[in-house]
Structures are given as C-alpha cells and as structure tokens.
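# Coordinates in review
The primary structure of each chain is shown beneath.
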Amino acid sequence: MYAVARLYGYTEEVGFKAWLGVDLARALGVRVGDGLRIESKAGVSSARVVEVVETVKAGLLLTVDVYMAVSGFRTVLIKRLSRVYEAGSVAMGVEAARSLDVDQLMRLVNLMVVYRVPVFTNFTGFVQAEDGSWVKLLVREISPREPAYVSKETKIFIR
C-alpha cells in the first residue's frame, strides 16, 4: 500500500536514511529499520527508517543523497518494502560531472553495499565521491528478484 507524504526536507547526512512521521508509520506498519520506496515525478529512490518522529506530521525527512533523487515536489509516494532479497546481478548507469576510473567507481558501488539500501529497477541514488562531487547511480536491471540488496557477491554491470 502506498501513502502520500509531505517532503519536509533533508539533513546534511548521507546513508539513504529517512525520519518518518508517527502517523504514517502507524498507517503503513513501518518500524525502525524497515525499507521504504520513495517516489516522485523527479525520480524513485529508497531509504531505511532510522527514527519515527512525532514532530513530522504526515511526512518524512530524508538524507541529502535520497532527497536529491526525489526532490522538486513537496509530496512523494512512499511504500513499505515488506521483503527485500539479495541481488545476483545488477546493471547500473552512472552520471558524473567528470570521468571516473574503475577504482573510484568501485568505491562508490561499495558504499551502496555498506549502506545496505534496497534497490530496484529505475532506482536513483546519489553518492558522494572523494573529491566532494556527487555521482548519480541509476539501477537499470536487477536479477533474480527485486527489491534487493547489493552485496559483495553481486555481479555489477555498468551500462
């Protein structure tokens, strides 16, 4: 089930995290640690709920890496991810202001492993490179099932 939520803004943190209002958490059955699919006209991303807060009414607060993927509109659709699988292979696209070498790209993909963020087809996320620039990661395809976590054993294809 989807819920319409107000996007309250972002915090200067990274890690694909969300602070969800207590009313939405009750309506969707979300607890701390659950994954959320967050959709807007600007893009689709996901985050993990790190806290259910009473100060946010019918909305959520995101970290900057998720916020950049779905911002532009004050309302978003959110859905609780009831089950998340392990990805066997993931095809990704990368958008960056400057060229990246293989080592830099692998460090950015490893951040997705560390953050343990659920990804799915058309997922958009931003990861900060070592020089401070933001790199946009787009998931094109996942197999065998989605949503899924990217792990060290996941085959990564860059397209």
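Nothing here was measured: the structure is a model prediction, and the numbers come from that model.

Basis of the calculations
Residues numbered from 1 in each chain as written. Predicted model: local features only at pLDDT ≥ 70, side-chain atom pairs only at ≥ 80, totals over all residues. Heavy atoms only, no water. Salt bridge = Lys/Arg side-chain N within 4 Å of Asp/Glu carboxyl O. Helix = DSSP H or I, 4+ residues; strand = E, 2+ residues; numbered from the N terminus. Buried < 20%, exposed > 50% of the residue type's maximum accessible area, 1.4 Å probe, protein only. Pairing = 2+ DSSP bridges. Axes fitted to C-alpha atoms, helices over the stretch in contact; angles between N-to-C directions. Contact = heavy atoms within 4.5 Å. Patch = residues over 30% accessible without salt bridge, like charges linked within 9 Å, V, L, I, M, F, W, Y side chains within 5 Å. Areas by Shrake-Rupley, 256 points an atom, 1.4 Å probe, with all protein chains shown as cover. Phe/Tyr/Trp six-rings, centres within 6.5 Å; stacked < 30°, edge-to-face > 60°. Lys NZ or Arg CZ within 6 Å of the ring centre and 35° of its normal.

### Considering the pattern of salt bridges
It is possible for side chains bearing opposite charge to pair when their charged atoms get close. For the structure shown, the criterion picks out seven salt bridges. Of the charged contacts, one joins E13 and K17 as a salt bridge, the two residues approaching to 3.4 Å between their closest N and O atoms. Two residues, E141 and R159, come together in a salt bridge whose shortest N-O distance is 3.4 Å. Taken as a pair, E141 in strand β11 (residues 134–143) and R159 in the segment after β13 (155–158) lie far apart in primary sequence, 18 residues in all. Take E141: its relative accessible area is 41%, and that puts it in the partly exposed class.

### Structural notes on the sheet that holds strand β8 (residues 89–95)
Strand order in the open sheet formed by four strands is β10-β11-β8-β13, with mixed pairing between adjacent strands. Across the chains shown, the open sheet's two edge strands, defined by having one partner strand only, are β10 (124–128) and β13. Across this sheet, the average inter-strand angle for adjacent strands is 35°, counted without regard to direction. Bridging between β8 and β11 involves seven bridges; their strand directions are antiparallel. Looking at the pairing, M92 lines up with V139 of β11. Contacts from helix α3 (residues 102–115) reach β8, β10, β11 and β13, with the element oriented near 120° to β10.

### Looking at a nonpolar patch on the surface
On the surface, Y2, V4 and L77 cluster together to form a nonpolar patch covering roughly 270 Å² of accessible area. With respect to the helices and strands, the residue Y2 is situated in strand β1 (residues 2–11).

### Description of the packing of aromatic side chains
In this structure the tally under the stated criterion is four aromatic pairs. Centre to centre, the rings of F120 and F123 are 5.8 Å apart; their planes meet at 90°, and the pair counts as edge-to-face. On the basis of relative accessibility, which here comes to 1%, the residue F123 falls in the buried class. Over the ring of Y149 we find R116; its NZ or CZ atom is 4.0 Å from the centre of that ring.

### Things to note about the pairing of strand β2 (residues 17–21)
Counting buried positions over the five residues of β2 gives four, a clear majority of the element. With five bridges connecting them, β2 and strand β4 (residues 44–53) associate as parallel partners. By the bridge assignment, A18 is partnered in β4 with V49. Relative to strand β5 (residues 59–63), β2 is paired through three bridges, and the arrangement is antiparallel.

The analysis is restricted to geometry; functional conclusions fall outside its scope.
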